[in-house]
Amino acid sequence: MGRMAGRRLLAAVPVLLAVTLGVFTVAGLSPFDPVKAYAGTAGLTASGAELDRLRANLGVDRPLLARWWEWLTSALTGDLGDSAALRRPVADAIAERLGWSALLAGCAFAVAVLVGTGLGVLAARRRGGPLDRTVSGLAYTLEAAPAYWLGLLAVWLFSVRLGVLPSGGLTDAAADTVTPGQVASHLVLPALVLGTSQLPWFFLYVRQGVADALDEDPVRGARARGLSQRRVLLGHALRSGMLPMLTLIGSRVPELITGALLVETVFSWPGIAAATVQAATSVDFPLLAALTVLATAAVLAGNLLSDLLYGLADPRVGFDG
């Protein structure tokens, strides 16, 4: 396990380097002018000389490779630079938003895995039954539903029509402090929407995996020995049927990140979505690079986690093979 994780970490280094260079390259080719975005309305009346001085102060007048190398060497020491769009250090801007994004993504991921696994097992137990047909139909429908559309629908139903849950934000509008109770109530809708957008894949994988496992000889043998249906399902079929789902965890991380950005925007959740949009529209090189590296690292970590879980669940899989 340690050797495999070490190899993955070494392989991640050139990937992250290429990603950061790609971000600076794409941003450098962008038609947006970061200087005008930084100056705002004042840039409309500023002279060319004033814009050139501002461009020099921001460091965007230097060659692309020079800017990338300076950012990279500073990032290795913990200095991610200053965000021109947010007017503050990049590390501080990410630190105050990352926790809220991680909370939302973690709760949504737990909803998707737990509910998807439970429904998948129940559907596989009675293949072709009413529950199987109903949930499978809903799963295929939700696969095609964008996360932002689900979010708007949830706001209309639970906030506007029923009035049982807040429509967005982290706390109530009149609140002066952030309390766990308010955070929990405001987290329900975005977490359920994001989890629901990821749930169909876990349900379908578990359903198919458990259904195939129920037809395998070891499971049939367990039934022939007189084991209860519950023990056969949970002790034999579920363990074998979960293996394909474990490989799904890593592949869903990019979709989870993308969905989280959309859901955060719909529900005004104070995560990294607003910072990402602002960095992209303002061509904020340091903030763009840091956020892209963070997303890439999350994808690589998800792939590593799925491989480790698969190896732990199936001893036949060698970590060092």
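Residues numbered from 1 in each chain as written. Predicted model: local features only at pLDDT ≥ 70, side-chain atom pairs only at ≥ 80, totals over all residues. Heavy atoms only, no water.

Participant: Quick question: what am I supposed to make of the overall build of the chain here?
Facilitator: Helix and strand content of the chain: 12 helices and 2 strands. The order of α-helices and β-strands along the chain, N terminus first, is α-α-α-α-β-β-α-α-α-α-α-α-α-α. The buried share among the 321 residues of the chain stands at 38%. Taking the intrachain contacts of the chain between residues at least 6 apart in sequence as the baseline, contacts between residues at least 24 apart amount to 74%. (Helix = DSSP H or I, 4+ residues; strand = E, 2+ residues; numbered from the N terminus. Buried < 20%, exposed > 50% of the residue type's maximum accessible area, 1.4 Å probe, protein only. Contact = heavy atoms within 4.5 Å.)

Participant: Please explain the packing of helix H5 (residues 90-125) against helix H8 (residues 180-214) as it appears in this structure.
Facilitator: Between two packed helices, both the angle of their axes relative to each other and the distance between the axes serve to describe the pair. Two elements in contact, H5 and H8, have axes separated by 4 Å at closest approach and are oriented at 35°. For the pair H5 and H8, the crossing hand works out as right-handed. Looking at the contact of H5 with H8 residue by residue, the class counts come to 28 nonpolar, 5 polar and 2 charged. (Axes fitted to C-alpha atoms, helices over the stretch in contact; angles between N-to-C directions. Left-handed = near helix turned anticlockwise from the far one by under 90°. Nonpolar A, V, L, I, M, F, W, Y, C, P; charged D, E, K, R; others polar.)

Participant: What is the right way to look at the packing of helix H6 (residues 130-143) against H8 in this model?
Facilitator: Where H6 meets H8, the axes come as close as 8 Å, and the angle between the chain directions of the two elements is 135°. By the criterion of interaxial angle, the relationship of H6 to H8 is oblique. Crossing of H6 against H8: the hand is left-handed. Mapping the contact onto sequence places Asp132, Val135, Ser136, Ala139, Tyr140, Leu142 and Glu143 in H6 and Thr196, Pro200, Trp201, Phe203, Leu204 and Arg207 in H8. Of the residues in the contact of H6 with H8, the class split is 8 nonpolar, 2 polar and 3 charged. (Parallel < 35°, antiparallel > 145°, perpendicular 65-115°, else oblique.)

Participant: Looking at this structure, how should I read the nonpolar core?
Facilitator: The nonpolar side chains of a soluble globular protein tend to be buried, and buried together. In terms of nonpolar packing, the biggest core is built from 39 residues, with Leu104, Leu194, Phe202, Val210, Val263 and Phe267 touching the most fellow members. Of all the elements in the fold, those that place two or more residues in this core are H5, helix H7 (147-161), H8 and helix H10 (229-267). Formed by 20 residues, the second largest nonpolar core is a distinct cluster that contains Trp68, Val90, Ala275 and Leu287. (Core = buried A, V, L, I, M, F, W, Y, C linked by side-chain atoms within 4.5 Å.)

Participant: Honestly, H7 in this entry has me stumped. Any pointers?
Facilitator: Because each turn of an α-helix spans 3.6 residues, side chains separated by three or four positions end up pointing in the same direction. The first and last C-alpha atoms of H7 sit 20 Å apart over 15 residues, in line with the 21 Å expected at 1.5 Å per residue. Every buried residue belonging to H7 is among Ala147, Leu150, Gly151, Ala154, Val155 and Ser159, and all of these are buried. Downstream of H7 by one or two residues, Gly163 has phi in the positive range, about 65°. (Expected span 1.5 Å × (residues − 1).)

Participant: Any chance you could explain the pattern of salt bridges here in plain terms?
Facilitator: Pairs can form between side chains of opposite charge whenever their charged atoms are close. All chains considered together, the criterion is met by 3 salt bridges. For the salt bridge of Arg97 with Glu96, the shortest nitrogen-to-oxygen distance reads 2.8 Å. For Asp132, the salt bridge goes to Arg207, with nearest N and O atoms at 2.6 Å. With Asp132 in helix H6 and Arg207 in helix H8, this residue pair connects regions lying 75 residues apart in the sequence. (Salt bridge = Lys/Arg side-chain N within 4 Å of Asp/Glu carboxyl O.)

Participant: Before we go on, may I ask you to explain a nonpolar patch on the surface in this structure?
Facilitator: On the surface, Tyr148, Trp149, Leu152, Leu153, Trp156, Leu157, Phe158, Val160, Leu162, Val164 and Leu262 cluster together to form a nonpolar patch covering roughly 1,100 Å² of accessible area. Residue placement: Phe158 occurs in helix H7. (Patch = residues over 30% accessible without salt bridge, like charges linked within 9 Å, V, L, I, M, F, W, Y side chains within 5 Å. Areas by Shrake-Rupley, 256 points an atom, 1.4 Å probe, with all protein chains shown as cover.)

Participant: I'm lost on the packing of aromatic side chains in this one. Help?
Facilitator: Between two aromatic rings, the relevant description is the distance of the centres plus the angle of the planes. Going through the model one piece at a time under the given rule, you end up with 3 aromatic pairs. Relative to Trp69, the ring of Trp68 has its centre 6.2 Å away and its plane inclined at 55°; by these criteria the two rings are tilted. Look at Trp68 and you get buried, because its relative accessible area is 13%. Residue classification places Trp69 among the exposed positions, given a relative accessible area of 53%. Centre to centre, the rings of Trp100 and Trp269 are 6.2 Å apart; their planes meet at 90°, and the pair counts as edge-to-face. Of the two residues, Trp100 sits in helix H5 while Trp269 sits in the loop between H10 and helix H11 (273-282), which places them 169 residues apart along the sequence. Exposure remark for Trp100: the relative accessible area of 26% places this residue in the partly exposed category. (Phe/Tyr/Trp six-rings, centres within 6.5 Å; stacked < 30°, edge-to-face > 60°.)

Participant: I would appreciate a short explanation of the environment of Leu187 in the present structure.
Facilitator: You can see Leu187 is positioned in helix H8. Residues Leu187 and Trp100, 87 residues apart in the sequence, show an inter-C-alpha distance of 9.8 Å. Setting aside its immediate chain neighbours within four residues, Leu187 contacts Leu103, Leu104, Cys107 and Trp269.

Participant: Looking at this structure, I do not really get the side chain of Ser197. What am I missing?
Facilitator: Position of Ser197 relative to the elements: it lies in helix H8. Among the polar contacts made by the side chain of Ser197, one reaches the main-chain carbonyl oxygen of Leu194 at a distance of 2.6 Å. (Polar contact = N/O pair within 3.5 Å; in protein donor to acceptor, adjacent residues only side chain to side chain.)

Participant: I tried to follow H11 on my own but got confused; where do I start?
Facilitator: Of the residues making up H11, those classed as buried are Ala273, Ala275, Ala279 and Ser282. Just downstream of H11, Val283 is the residue with a positive phi angle, here 50°.

Participant: I'm lost on the side chain of His186 in this one. Help?
Facilitator: Mapped onto the elements, His186 comes out in helix H8. From its side chain, His186 meets the backbone oxygen of Gln182 in a polar contact 2.8 Å long. For His186, the side chain forms a polar contact with the side chain of Ser185, separated by 3.3 Å.

Participant: What is the right way to read the confidence of the model for the chain from this model?
Facilitator: Low pLDDT marks stretches whose predicted atomic positions should not be read closely. For the chain, per-residue confidence averages 80 on the pLDDT scale, and 84% of positions sit at 70 or higher. Taken element by element, the predicted model of the chain shows its lowest mean pLDDT in helix H2 (residues 34-39) (66) and its highest in H7 (91). (pLDDT = per-residue confidence, 0-100.)

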